[in-house]
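Here's the letter readout for the chains.
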Amino acid sequence: MTEQLTTPEQLLGFKLGAALTMERDVLKMLGALEQAAQHRQVKELLIEHAAETRKQVSNVERCLEALELTGQDQPCPVSRAMAEEGRSALGRTDKSLVDAVILAGALATEHYEVAVYETLITMASVLGARKVVELLEENLGQEESARDKVKKLALQLAESAAG
């Protein structure tokens, strides 16, 4: 039986542990997607975001340390489900559409990550955990930037394919 969360601090720790798992899952996905990507720009975007994701993992670990909650990995079923959906879609997709599938999945993932970080920042702010907020805001900024880059590249590739 799992321990019941009874305080806002415990809930924040649990959610941070899930965010750590999420980022580690994303890092694994990015490596696999880079291998599958067809266009150079898609590969470069995935490589760039993998470097950012490694920093995000470190930031979440630092948040857990600041709250004295090291070793608090928690499950993140959403990131695992998104990875499975991506693998399934890629397995059924013609080579000409692989990058479109990758970018669609990346965009969905970035939206989810933005929501996770916005929630964590709100929780940490309420608890007065300023250092945690700073680290999470850094991750949020990177996720928002990645989301915008993915959208821009998806549009560029779609426009070039259409015409």
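These figures come from a predicted structure and were not determined experimentally.

Q: So what exactly am I meant to see when it comes to the packing of helix H1 (residues 8-36) against helix H2 (residues 40-66) here?
A: At a minimum axis separation of 9 Å, H1 and H2 run at an interaxial angle of 160°. Between H1 and H2, the angle falls in the class roughly antiparallel. You can see that H1 and H2 cross each other, and the crossing is left-handed. Looking at the contact of H1 with H2 residue by residue, the classes come out as 13 nonpolar, six polar and six charged.

Q: Help me understand the nonpolar core, please; the structure alone is not making it clear to me.
A: When a protein is soluble and globular, its nonpolar side chains tend to lie buried together. Membership of the largest hydrophobic core comes to 40 residues, with the highest contact counts inside it found for Leu-16, Val-42, Leu-120 and Leu-136. For this core, the secondary structure elements donating two or more residues are H1, H2, helix H4 (98-126) and helix H5 (130-162). With eleven residues, H4 is the largest single contributor of residues to this core. Setting aside residues no more than four positions away along its own chain, Leu-120 makes contact with Leu-12, Lys-15, Leu-16, Ala-19 and Leu-136.

Q: In this structure, what is going on with a nonpolar patch on the surface? I would like to understand it.
A: On the surface, Leu-5, Leu-11 and Phe-14 cluster together into a nonpolar patch covering about 220 Å² of accessible area. Note that Phe-14 resides in helix H1. By relative accessible area, Phe-14 is classed as partly exposed at 31%.

Q: Teacher, can you tell me more about the layout of surface pockets here?
A: The method is simple in principle: a probe with the dimensions of a water molecule rolls over the atoms, and the space it marks as empty is what remains. By volume, the largest pocket amounts to about 570 Å³. Surrounding the largest pocket, 33 residues form its lining, Met-29, Leu-33, Met-82, Ala-83 and Thr-109 being those nearest its centre. The set of elements that each furnish at least two residues to the lining of the largest pocket consists of H1, H2, helix H3 (77-91), H4 and H5. Looking at the lining of the largest pocket element by element, the count peaks at nine residues for H3.

Q: How should the pattern of salt bridges be read in this particular structure?
A: Taken as a whole and judged by the stated rule, the model has eight salt bridges. A salt bridge links Glu-48 to Lys-149, with the nearest nitrogen and oxygen atoms 2.3 Å apart. Taken together, the residues Glu-48 in helix H2 and Lys-149 in helix H5 connect sequence positions 101 residues apart. Salt bridges linked by common partners bring Arg-24, Glu-61 and Asp-73 together as one network.

Criteria and cut-off values
Residues numbered from 1 in each chain as written. Predicted model: local features only at pLDDT ≥ 70, side-chain atom pairs only at ≥ 80, totals over all residues. Heavy atoms only, no water. Axes fitted to C-alpha atoms, helices over the stretch in contact; angles between N-to-C directions. Helix = DSSP H or I, 4+ residues; strand = E, 2+ residues; numbered from the N terminus. Parallel < 35°, antiparallel > 145°, perpendicular 65-115°, else oblique. Left-handed = near helix turned anticlockwise from the far one by under 90°. Nonpolar A, V, L, I, M, F, W, Y, C, P; charged D, E, K, R; others polar. Core = buried A, V, L, I, M, F, W, Y, C linked by side-chain atoms within 4.5 Å. Buried < 20%, exposed > 50% of the residue type's maximum accessible area, 1.4 Å probe, protein only. Contact = heavy atoms within 4.5 Å. Patch = residues over 30% accessible without salt bridge, like charges linked within 9 Å, V, L, I, M, F, W, Y side chains within 5 Å. Areas by Shrake-Rupley, 256 points an atom, 1.4 Å probe, with all protein chains shown as cover. Salt bridge = Lys/Arg side-chain N within 4 Å of Asp/Glu carboxyl O. 1 Å grid on protein atoms, 1.4 Å probe; cavity = no way out; pocket = protein on both sides within 12 Å on 5 of 7 lines; lining within 4 Å. Points joined across faces, edges and corners; volume = space filled by probe spheres on them.

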